[in-house]
Amino acid sequence: MAKKLNKVVLAYSGGLDTSIIIPWLKENYGCEVIAVAGNVGQADELEGLEEKAKKTGASKCYVEDLTKEFVEDFIFPSMQAGAVYEEKYLLGTAFARPLIAKRLVEIAKAEGADAIVHGCTGKGNDQVRFELAIKHFAPDMPIIAPWRMWDIKSRDEEIDYAEAHQVPLKISRETNYSKDKNLWHLSHEGLDLESPANEPNYDKILEMGVTPEKAPEQGEYVTIHFEKGVPTAVNGKNLGAVELVLKLNELGGKHGIGIEDIVENRLVGMKSRGVYETPGGAILYHCHQVLETLCLDRETQHYKQLVGIKFAELVYYGQWYTPLRQALTAFVDETQKTVTGDVKVKLYKGNIINAGVESPYTLYDEEVASFGDDDNAYNQADAQGFINLFGLPIQVKAKLDAKRNNQ
């Protein structure tokens, strides 16, 4: 028996890990368990969650709707930054965790809890993301992580524990993929995916869309309107943030968009393999980047690419609530003041094909860029002096090298 606690708040999803943690906590700490589920758009996974938590031993279960805040305060700022981890991962799990942790702390304080509990494994990134956010909002709050304490070593052993304690499960040993779902993405890990040599069985695992092979033979055009870097309309129809992402998920999923098979470098040091579905997110990132090519000057655009890499690392590493992330967001916000306009793309069998972009803040001058008669807009003879000056260091070095070699 561990040190007795009176009351704890558990980050609860109703999945395998958090389902067995409730009876484990009561056995080992003799405490009241309050389950907290953050609704970030996992849809059907929330059905019957409160009833299940109470049947498993929780005294109450909060199901908090965080979808609007999730999209507006975490997803869109990351998209505006161009934050992509290791060139492919659109951070679906990563930027949901700090928001959920924030709400956990708020409820833990309101309930007078002695500790906050999470079901993250000791091998993963989420333990870091949850705990850094908890430390930000409640520096002295004790944190319990059963996976770093108990004798259970595998998901098979978790199922054994669940069966022994009559914990209802929606999975079997054969379908026991580790998944994370929200309105932005769905990730798949484990089982046959643990070997990078295995091709994913997409027909078996995909839930948000279809493979490109099964997408319609006819492509579909989509136009997204942005105001200062924030998407506000699809095909001329104004939509709220949540509705807009869901609409693009529908369109992207239909056409096989946003499926990525990734081997990534986890924060804790190991590599892991997963399959990610991010249909709407892939469209949004693509269109936003296209619009920026029109609206940002070269130096800002190039420097912002560096910022995007660092921003993605901060999100992935769970460092959302840090001065550097806040400072980078301030930089990104400044760059977005002119990122307004419409981007048209064609969705076709897994591809997002550019079909036109326009903005009232465009920096593209057709007269200057034209291959036609441009004497009034651009004097091509000016290029000679520019090249002479730009190439001067190369020319000087070549002459001096030749002189030294001939000595």
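Before reading on, note that the structure itself is shown above.
Analysis parameters
- All residue numbers here refer to positions counted from 1 along the written sequence of the relevant chain.
- Local features in a predicted model are, by the rule used here, given only for residues with pLDDT of at least 70; side-chain atom pairs are given and counted only at 80 or more, and totals for whole chains, interfaces and linings are based on all residues.
- Side-chain figures throughout are based on the complete set of non-hydrogen atoms in the structure, without hydrogens or water.
- By convention in these notes, a salt bridge is any Lys or Arg side-chain nitrogen within 4 Å of a carboxyl oxygen on Asp or Glu.
- Put simply, DSSP H or I for four residues or longer makes a helix, DSSP E for two residues or longer makes a strand, and each gets a number counted from the N terminus.
- To sort residues, take the accessible area from a 1.4 Å probe on protein chains only and compare it with the maximum for the residue type: under 20% means buried, over 50% means exposed, and anything in between is partly exposed.
- For two strands to pair, DSSP has to find at least two bridges joining them.
- Only heavy atoms enter the contact rule, under which two residues are in contact if any of them lie within 4.5 Å.
- In this analysis an axis means a line fitted to C-alpha atoms, helices contributing only their contacting stretch, and an angle means the value between N-to-C directions, from 0 to 180 degrees.
- Side-chain rings of Phe, Tyr and Trp (the six-membered ring for Trp) are treated as a pair once their centres are within 6.5 Å; stacked means planes under 30 degrees apart, edge-to-face means over 60, and tilted covers the remaining angles.
- Each ring is checked for a lysine NZ or an arginine CZ that lies within 6 Å of its centre and within 35 degrees of its normal; such an atom marks a charge sitting over the ring.
- Grouping buried Ala, Val, Leu, Ile, Met, Phe, Trp, Tyr and Cys residues that are joined through side-chain atoms within 4.5 Å yields what is termed a nonpolar core.
- Here the term patch refers to residues with relative accessible area over 30% and no salt bridge, with like charges joined within 9 Å and nonpolar side chains (Val, Leu, Ile, Met, Phe, Trp, Tyr) within 5 Å.
- Note that accessible areas follow from Shrake-Rupley with a 1.4 Å probe, and for residues the cover is restricted to the protein chains shown.

Help me out: how do you make sense of the pattern of salt bridges in this one?
Any two side chains of opposite charge can pair if their charged atoms end up close together. Inspection of the entire model under this criterion finds 28 salt bridges. A salt bridge links Glu131 to Arg148, with the shortest nitrogen-to-oxygen separation between them at 2.9 Å. Residue Glu131 is located in helix α5 (residues 126-137), and its partner Arg148 is located in the loop between β5 (143-144) and α6 (155-164); the two are separated by 17 residues in the primary sequence. By relative accessible area, Arg148 is classed as partly exposed at 43%. Between Glu217 and Lys349 there is a salt bridge, and its shortest N-O distance comes to 3.2 Å. Of the two residues, Glu217 is situated in the loop between α7 (202-205) and β8 (220-227) and Lys349 in the loop between β13 (341-348) and β14 (351-358); the sequence distance between them amounts to 132 residues. Residue Glu217 is classed as exposed on the basis of its relative accessible area, which comes to 60%.

In this structure, what is going on with the sheet that holds strand β2 (residues 32-39)? I would like to understand it.
Backbone-to-backbone hydrogen bonds join strands into a sheet, with any given pair of strands oriented parallel or antiparallel. The strand order across the open sheet formed by five strands is β3-β2-β1-β4-β5, and the pairing between neighbours is parallel. Both outer strands of the open sheet, β3 (60-65) and β5, are each paired with one neighbouring strand and no more. Relative to β3, β2 runs parallel, the two being bridged by six bridges. The partner of Val36 across the bridge, within β3, is Tyr62. Of the strands in this sheet, β1 (7-11), β2, β4 (115-117) and β5 are in contact with helix α1 (residues 16-29), which crosses β1 at around 165°.

Any chance you could explain the packing of aromatic side chains here in plain terms?
Aromatic rings in a pair are described by how distant their centres are and how their planes are angled relative to each other. Here the structure, examined in full by the defined rule, presents 16 aromatic pairs. Each ring, one from Tyr89 and one from Tyr316, has its centre 6.0 Å from the other, and the planes form 90°; the classification is edge-to-face. Taken as a pair, Tyr89 in the loop between α3 (67-81) and α4 (97-111) and Tyr316 in helix α10 (residues 298-316) lie far apart in primary sequence, 227 residues in all. Tyr316 shares its class with Tyr89; the two are buried. With a centroid separation of 5.4 Å and an interplanar angle of 70°, the aromatic rings of Trp147 and Trp150 are classed as edge-to-face. Judged by relative accessible area, which is 5%, Trp150 ranks as buried. A connected cluster of aromatic rings, assembled from ring pairs, spans Tyr85, Tyr89, Tyr276, Tyr316 and Tyr317. The positively charged end of Arg129 is found above the aromatic ring belonging to Tyr316, 4.8 Å away from the centroid. Looking at Lys344, its charged tip hangs above the ring of Tyr221, at a distance of 4.8 Å from the centre.

What is the right way to look at the environment of Ile224 in this model?
Within the element layout of this structure, Ile224 appears in strand β8. When the C-alpha positions of Ile224 and Asn235 are compared, they lie 6.3 Å apart, and in sequence the two are eleven residues distant. The residues touching Ile224, leaving out its near neighbours within four places in the chain, are Pro231, Ala233, Leu248, Ile283, Leu284, Cys287, Gly341, Asp342 and Val343.

Would you explain the nonpolar core in this entry?
Most often, soluble globular proteins keep nonpolar side chains buried together rather than apart. Core analysis: the biggest nonpolar cluster contains 76 residues, and Phe70, Leu91, Trp184, Leu248 and Leu284 have the highest contact counts within it. In terms of nonpolar packing, the next biggest core, distinct from the first, is built from 30 residues, Tyr12, Ala35, Ile152 and Tyr161 among them.

How do you make sense of the environment of Lys310 when you look at a structure like this?
With respect to the secondary-structure elements, Lys310 resides in helix α10. Once you skip the residues sitting within four places of it in the chain, Lys310 turns out to touch Leu324 and Leu328.

Would you take a moment to explain a nonpolar patch on the surface for this structure?
A contiguous nonpolar surface patch, about 340 Å² in accessible area, is contributed by Tyr303, Leu306 and Ile309. Mapping Leu306 onto the fold places it in helix α10. You can call Leu306 exposed: its relative accessible area is 54%.

Would you take a moment to explain the sheet that holds strand β6 (residues 178-181) for this structure?
Taken together, the four strands give an open sheet; going across it, the order is β6-β7-β12-β11, and neighbouring strands pair in antiparallel fashion. Of all strands in the sheet, those bounded by a partner on one side alone are β6 and β11 (259-265). Taken pair by pair, the neighbouring strands of this sheet meet at an average axis angle of 25°, ignoring direction. Of the pairings in the sheet, the one linking β6 to strand β7 (residues 186-189) comprises four bridges and is antiparallel in character. Counted as the bridge partner of Lys179 is His188 from β7.

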